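# Working through the structure, step by step
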Amino acid sequence: MDILIAILPLVIGWCLDLLFGDPACLPHPIIWFGRMIGFCERAFNGGEHRVLKGGLVAVVLILMAFILTWILMDLVSVSVWLSVAVQSVLIFYCLAGTTLVKEVGMVFKAVDRSLEEGRMQVGRIVGRDTAGLSAHEIRTAALETLAENLSDGVIAPLFWYAILGLPGMVAYKMINTLDSMIGYKNDRFRHFGYIAAKIDDVANFIPARLTAFLMVMVSGKISLLSFIRNYGREHASPNSGYPEAALAGILNCRFGGTHDYFGKSVYKPYIGENARDFDYSDAVKAIAVNRKVEVIMILITVGVRLLFLL
């Protein structure tokens, strides 16, 4: 019974994500995280010592997410089934596999209908400026984001759940939200978000490489490991390049190039060499890889959590 209770919340939470993704009609903890980060940024991102102030904000918010989750788990432990229910819902909120998979499919369908519709659709899932993107750039952006999100939205949360339980999973989501909001190298966030970005780099170091490895395993193309090793390190991010390189190898395509962020052009080294066009079949293949990797990572996570019970 103890073993069942230990793995049940993970299985239920994952199944809920598979079925519903991120329902727009429900309040999402990430929105609350964003509000807290936004409040702190407006209050402290100014004057001197912005690196220190931003670092303290990041550390305090991450610790708060971990500790409050720990306290909540203790409070609901009075009832086994209440504990399972609460943990399942929180795991559901921490996983973000289904929503982006759906969004990527919608991007490919939208750009087939019209360029402007494709730009609007891809703008929902990428941080780059989308107004001037070509059809090829829209599809490329969607696939790059799909690969990166597999790491950030699925594998990394499960990795930290396996190691530190639900408090670790929730704390990771705070880390990832901090990076997505203040981890930019522009004038506003370069100093204030510096430590938050570095924490995110550390938190994703192993998950990003694990993601790439699992992608290669499910594709059956073991020879791509050298391709990933060569191209993964070319990315400006110390982590994002690895899952992107894995997908570029699987699809035999090329990612990267110059993109605009906040009105400024940013060059990203190319990952891969085959600068071919994409069609909907590429989205289908990439999504299938994502789903297979999810299943394997769930099994790995269950196995690790069971080891803690022995």
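The present account deals with the structure reproduced in this document. What you see is a predicted model, and the numbers here were worked out from it, not measured in a lab.

A few words on the overall build of the protein chain. Each helix and strand counted, the protein chain has 11 helices and two strands in total. Along the chain direction, N to C, the helices and strands of the protein chain fall in the order α-α-α-α-α-α-α-α-α-α-β-β-α. Counting only C-alpha atoms and orienting by the principal axes, one finds that the protein chain spans roughly 55 × 50 × 40 Å. Nonlocal contacts in the protein chain, meaning residues at least 24 apart in sequence, comprise 70% of its contacts between residues at least 6 apart. Accessible surface, the protein chain as shown: approximately 14800 Å² in total, 65% of it carbon and sulfur. On the protein chain, the mean spot of the 28 positive side-chain charges and the mean spot of the 27 negative ones are 1 Å from each other.

Moving on, we get to unusual backbone geometry. The phi torsion at His49 lies on the positive side, around 60°, for a residue other than glycine. For His49, the location among the structural elements is in the loop between α2 (29-44) and α3 (50-76). A positive phi angle, close to 55°, is found at Asn252, a residue other than glycine. Relative accessible area serves as the criterion here: at 49%, Asn252 is assigned to the partly exposed category.

Turning our eyes to something else, we now look at the packing of helix α9 (residues 224-232) against helix α10 (residues 241-251). Between α9 and α10, whose axes approach to 8 Å, the crossing angle comes to 135°. Compared by their axis directions, α9 and α10 come out oblique. Two packed elements cross with a definite hand, and for α9 against α10 that hand is right-handed. Taken together, the residues of α10 that come into contact with α9 (itself represented by Leu224, Phe227, Ile228, Tyr231 and Gly232) are Gly241, Tyr242, Ala245, Ala246, Ala248, Gly249 and Ile250. Of the residues contributing to the contact of α9 with α10, the split by class is nine nonpolar, three polar and no charged.

Looking now at the side chain of Asn239. Positionally, Asn239 belongs in the loop between α9 and α10. Within polar-contact distance, the side chain of Asn239 engages the side chain of Arg209 at 2.8 Å.

Take the environment of Ala275 next. With respect to the element layout, Ala275 can be found in the loop between β2 (264-271) and α11 (280-309). A relative accessible area of 49% places Ala275 in the partly exposed class. As for Ala275 and Asn252, which are separated by 23 residues in sequence, their C-alpha atoms are 8.9 Å apart.

Counted under the stated rule, the structure contains six aromatic pairs. Considering the side-chain rings of Phe159 and Trp160, the 5.1 Å spacing of their centres and the 90° angle between planes classify their relative orientation as edge-to-face. In this structure Phe159 comes out as buried when scored by relative accessible area, which is 14%. Seen in terms of ring centroids, Phe227 and Tyr231 are 4.7 Å apart; in terms of plane orientation they differ by 45°. Their pairing is tilted. Separated by four residues within a single helix, Phe227 and Tyr231 lie in helix α9, roughly one turn from each other. The ring of Tyr242 is capped by Arg209, whose NZ or CZ atom sits 4.2 Å from the centre of that ring.

Here we take up the pattern of salt bridges. Side-chain pairs of opposite charge can arise where the charged atoms are in close proximity. Inspection of the entire model under this criterion finds eight salt bridges. The partner of Asp187 in a salt bridge is Arg190, and the shortest N-O contact between them spans 3.4 Å. Since its relative accessible area comes to 54%, Asp187 is described here as exposed.

Among the surface-exposed residues, Val59, Leu63, Ile67, Leu68, Ile71 and Leu75 lie close enough to one another that they form a single nonpolar patch of about 540 Å² accessible area. Tracing the sequence through the fold places Leu68 in helix α3.

If you trace the backbone, Glu144 turns up in helix α7 (residues 135-182). Each residue touching Glu144, except ones within four places of it in the same chain, is listed here: Arg128, Glu244, Phe255, Gly256 and His259.

This next bit is on the nonpolar core. Val122 and Leu178 are the most contacted members of the largest nonpolar core, which has 81 residues in total. A total of 22 residues in this core trace back to one element, the largest contributor, which is α7. Once you skip the residues sitting within four places of it in the chain, Val122 turns out to touch Val107, Thr130, Leu133, Ile138, Ala141 and Ala142.

We now examine α3. Counted at 1.5 Å a residue, the expected span for α3 with its 27 residues is 39 Å, and the 39 Å between its end C-alpha atoms agrees. For α3, the full list of buried residues reads Gly54, Gly55, Val57, Ala58, Leu61, Ile62, Ala65, Thr69, Met73 and Val76. Where α3 is buried, its residues touch α2, α4 (80-94), α7 and α8 (194-219).

Analysis parameters
- Residues numbered from 1 in each chain as written.
- Predicted model: local features only at pLDDT ≥ 70, side-chain atom pairs only at ≥ 80, totals over all residues.
- Heavy atoms only, no water.
- Helix = DSSP H or I, 4+ residues; strand = E, 2+ residues; numbered from the N terminus.
- Contact = heavy atoms within 4.5 Å.
- Areas by Shrake-Rupley, 256 points an atom, 1.4 Å probe, with all protein chains shown as cover.
- Lys, Arg positive; Asp, Glu negative; His and termini not counted.
- Charge placed at Lys NZ, Arg CZ, Asp CG, Glu CD.
- Buried < 20%, exposed > 50% of the residue type's maximum accessible area, 1.4 Å probe, protein only.
- Axes fitted to C-alpha atoms, helices over the stretch in contact; angles between N-to-C directions.
- Parallel < 35°, antiparallel > 145°, perpendicular 65-115°, else oblique.
- Left-handed = near helix turned anticlockwise from the far one by under 90°.
- Nonpolar A, V, L, I, M, F, W, Y, C, P; charged D, E, K, R; others polar.
- Polar contact = N/O pair within 3.5 Å; in protein donor to acceptor, adjacent residues only side chain to side chain.
- Phe/Tyr/Trp six-rings, centres within 6.5 Å; stacked < 30°, edge-to-face > 60°.
- Lys NZ or Arg CZ within 6 Å of the ring centre and 35° of its normal.
- Salt bridge = Lys/Arg side-chain N within 4 Å of Asp/Glu carboxyl O.
- Patch = residues over 30% accessible without salt bridge, like charges linked within 9 Å, V, L, I, M, F, W, Y side chains within 5 Å.
- Core = buried A, V, L, I, M, F, W, Y, C linked by side-chain atoms within 4.5 Å.
- Expected span 1.5 Å × (residues − 1).

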